[in-house]
Amino acid sequence: YLNAIKYCQDYDLPEMEAILNINAGALNLQCERYTEAQRCLEQAFSYINEHPECEKYHMYMLGIYENLAKCFIFQGQYDRVEEIQRHVYREHWKYADEIDKMSVLCTEALYYFHTHQFEKLDECIEMIDQGTTENMSIMDIFDDYYEYCKVLLEYNKEKEFWNVIETLETMTKNINILNLHLKIISMKM
């Protein structure tokens, strides 16, 4: 990613640079490098936020906001998460497709769990349970559901956990990506 970002800077490709920063931020988030993830996401935000004419503006903003929210959750900066979620619902929710909405809800579940807002967490779990289908694009949502499954396990929501696992297994059955299969197996153990 770093070489690609440098290339974008050298050839004045700011939108592509922002997209690469979103992806680099997500990768750093997976590796638990929250400060670096936040830096990448904030760089992407600085460009995308100033260009609402961009065709995928709302999708990019939702991706940036949800990954920033996760960075803040894992760093215990819960007040910043509340601000992000208010902005997501006010500015971007009505433009979100079903996968983006599930991503937002998975992040909210993570937030409610970490802040011990269990009544809101139960409501969120119900919405996710109702909105989860086998027709979703697994690559777009897997990491969100993986974190969500961890919450379900820690919150002792076995029925909901197994429903999600069954759906994920069905979705990945014909996909030959070992990493996804291994993550599902590790969750089942």
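Given the structure is predicted, the values throughout are model-derived calculations rather than measurements.

A. Fine view of the packing of aromatic side chains. In this structure the tally under the stated criterion is 11 aromatic pairs. Centroid distance Phe113 to Tyr155: 6.4 Å. Interplanar angle 75°. Geometry classified as edge-to-face. One end of the pair, Phe113, is in helix 6 (residues 98–114); the other, Tyr155, is in the loop between helix 8 (138–154) and helix 9 (158–172), and 42 residues separate them in sequence. Across the pair, Tyr155 and Phe113 agree in class, each one buried. In textbook terms, an aromatic cluster arises when at least three aromatic residues are bridged by ring pairs, as seen for Tyr78, Tyr111 and Tyr112.

B. Region of the structure containing the side chain of Asp144. Relative to the elements of secondary structure, Asp144 occurs in helix 8. Sequence-distant contacts of Asp144, that is, excluding residues within four places in its chain, are made with Lys70, Ser103 and Cys106.

C. A look at helix 7 (residues 118–131). The end-to-end C-alpha distance of helix 7, which contains 14 residues, comes to 20 Å, matching closely the 20 Å that a straight helix rising 1.5 Å per residue would cover. Taken as a whole, helix 7 has its buried residues at Leu121, Cys124, Ile125 and Ile128. Angularly, the buried residues of helix 7 cover 105° about the axis, an arc narrow enough to put them on a single face. Of the residues in helix 7, the exposed ones pointing more than 90 degrees away from the buried face are Glu119 and Gln130. Among the structural elements, helix 6, helix 8 and helix 9 are those in contact with the buried residues of helix 7.

D. How the structure looks around the pattern of salt bridges. Tallied over the entire structure, the rule returns 7 salt bridges. Ionic pairing is found between Asp143 and Lys183, a salt bridge with its closest N-O pair at 3.7 Å. Residue Asp143 is located in helix 8, and its partner Lys183 is located in helix 10 (residues 178–188); the two are separated by 40 residues in the primary sequence. On the basis of relative accessible area, Asp143 is assigned to the partly exposed category, the value being 35%.

E. Representation of the packing of helix 5 (residues 78–92) against helix 6 in the model. Put simply, helix 5 and helix 6 touch, their axes get as near as 11 Å, and they point 150° apart. One way to sum up the angle between helix 5 and helix 6 is to call them roughly antiparallel. For the crossing formed where helix 5 meets helix 6, the hand is left-handed. Two secondary-structure elements touch here, helix 5 through Tyr78, Val81, Glu82, Gln85, Val88 and Tyr89 and helix 6 through Val104, Leu105, Glu108, Tyr111 and His114. Taken together, the residues of the contact of helix 5 with helix 6 break down into 7 nonpolar, 2 polar and 2 charged.

Definitions and cut-offs
- Residues numbered from 1 in each chain as written.
- Predicted model: local features only at pLDDT ≥ 70, side-chain atom pairs only at ≥ 80, totals over all residues.
- Heavy atoms only, no water.
- Phe/Tyr/Trp six-rings, centres within 6.5 Å; stacked < 30°, edge-to-face > 60°.
- Helix = DSSP H or I, 4+ residues; strand = E, 2+ residues; numbered from the N terminus.
- Buried < 20%, exposed > 50% of the residue type's maximum accessible area, 1.4 Å probe, protein only.
- Contact = heavy atoms within 4.5 Å.
- Expected span 1.5 Å × (residues − 1).
- Arc of directions from axis to C-beta.
- Salt bridge = Lys/Arg side-chain N within 4 Å of Asp/Glu carboxyl O.
- Axes fitted to C-alpha atoms, helices over the stretch in contact; angles between N-to-C directions.
- Parallel < 35°, antiparallel > 145°, perpendicular 65-115°, else oblique.
- Left-handed = near helix turned anticlockwise from the far one by under 90°.
- Nonpolar A, V, L, I, M, F, W, Y, C, P; charged D, E, K, R; others polar.

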